[in-house]
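# A structural walkthrough
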Amino acid sequence: MELSDRQEQIIEIVKPNGPITGEKIAEKLGLTRATLRPDLAILTMAGILEARPRVGYFFTGKTGSELLTENIKKLKVQDYQQVPIAIREDDSVYDAITTMFLEDVGTLFVVDEQSCLTGVLSRKDLLRASLGQQHLSGIPAHIIMTRMPNITVCRKDDALIEAAQKLINNQIDGLPVVKETEAGLEVIGRVTKTSMTKALVELTLDDKRFD
């Protein structure tokens with residue numbers, strides 16, 4: 001979606017004249033205030049214009065890139081977290097491989113009876129365990145999993161960009177989203193590289209009209 005010709009005209013009026021009231025903008029365009037209301041609302045919500053009560057509208061001076069950066073920083077993990085895919089500590093490596101294949105995920109979270117995080121299994125972990133092994137159904141997941149506290153986690157209120165940085169720094173595909181309970185860290189979600197890609201694509205497609 002791109003800015004309409006009228007929205008571009010509004011910006012050009014506000015840039016040198018702000019703060020300027022909606023009535024004055026409408027007057028310069030030969031239109032009614034009611035006609036302009038939807039356009040002003042779009043420009044204000046987009047962050048291109050800012051409105052001050054009893055003062056008027058003014059141009060923020062922000063570029064499309066700056067607006068995109070601001071929007072990215074506002075995103076929280078909870079906005080993009082997905083349902084966690086978990087197995088129990090005593091489930092076999094064979095079961096873990098089957099679950100990973102059927103759920104089409106790159107990371108499995110290992111939890112105890114209270115759904116609290118005890119370990120993580122990656123594709124590499126399962127591949128390493130399967131090489132040369134003939135009895136995968138007899139090997140429990142807890143034997144090969146990465147254990148706490150050597151697991152990177154995030155919370156639902158964390159900034160999504162911070163979670164993305166953890167994925168990059170630790171060279172991993174996914175993070176468990178956890179919350180503190182008396183029993184431990186309960187797994188309530190997951191964020192992955194795919195989550196980050198989705199967020200970036202949505203924001204870019206939404207914000208490119210402001211460049």
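Here the structure is a predicted model, which is why all the values come from computation and not from measurement.

## Regarding the packing of aromatic side chains
Counted by the stated rule, this structure contains 0 aromatic pairs. Sitting over the ring of Phe-59, Lys-15 keeps its end group 5.1 Å from the ring centre.

## Regarding the sheet that holds strand 4 (residues 107-111)
Within a sheet, adjacent strands bond to each other through the backbone by hydrogen bonds, running parallel or antiparallel. Overall, mixed pairing links the 4 strands, which are arranged 3-4-5-6 in an open sheet. Either end of the sheet is taken by a strand with one partner, and the two such strands are strand 3 (86-88) and strand 6 (146-147). Note: strand 3 against strand 4, 3 bridges, orientation parallel. Paired with Arg-88 across the bridge in strand 4 is Val-111. Set on the sheet, helix 6 (residues 93-103) makes contact with strand 3, strand 4 and strand 5 (117-122); between it and strand 4 the angle comes to about 130°. The strands that helix 7 (residues 123-130) touches are strand 5 and strand 6; relative to strand 5, the one it contacts most, it runs at about 70°.

## Topic: the pattern of salt bridges
Per the stated rule, a full pass over the model turns up 7 salt bridges. With a closest N to O distance of 3.5 Å, Asp-173 and Lys-193 form a salt bridge. Of this pair, Asp-173 sits in the loop between helix 8 (160-170) and strand 7 (174-181) while Lys-193 sits in helix 9 (residues 193-207), and the two are 20 residues apart along the sequence.

What counts as what
Residues numbered from 1 in each chain as written. Predicted model: local features only at pLDDT ≥ 70, side-chain atom pairs only at ≥ 80, totals over all residues. Heavy atoms only, no water. Phe/Tyr/Trp six-rings, centres within 6.5 Å; stacked < 30°, edge-to-face > 60°. Lys NZ or Arg CZ within 6 Å of the ring centre and 35° of its normal. Pairing = 2+ DSSP bridges. Helix = DSSP H or I, 4+ residues; strand = E, 2+ residues; numbered from the N terminus. Contact = heavy atoms within 4.5 Å. Axes fitted to C-alpha atoms, helices over the stretch in contact; angles between N-to-C directions. Salt bridge = Lys/Arg side-chain N within 4 Å of Asp/Glu carboxyl O.

Limitation: the analysis is restricted to geometry and does not speak to function.
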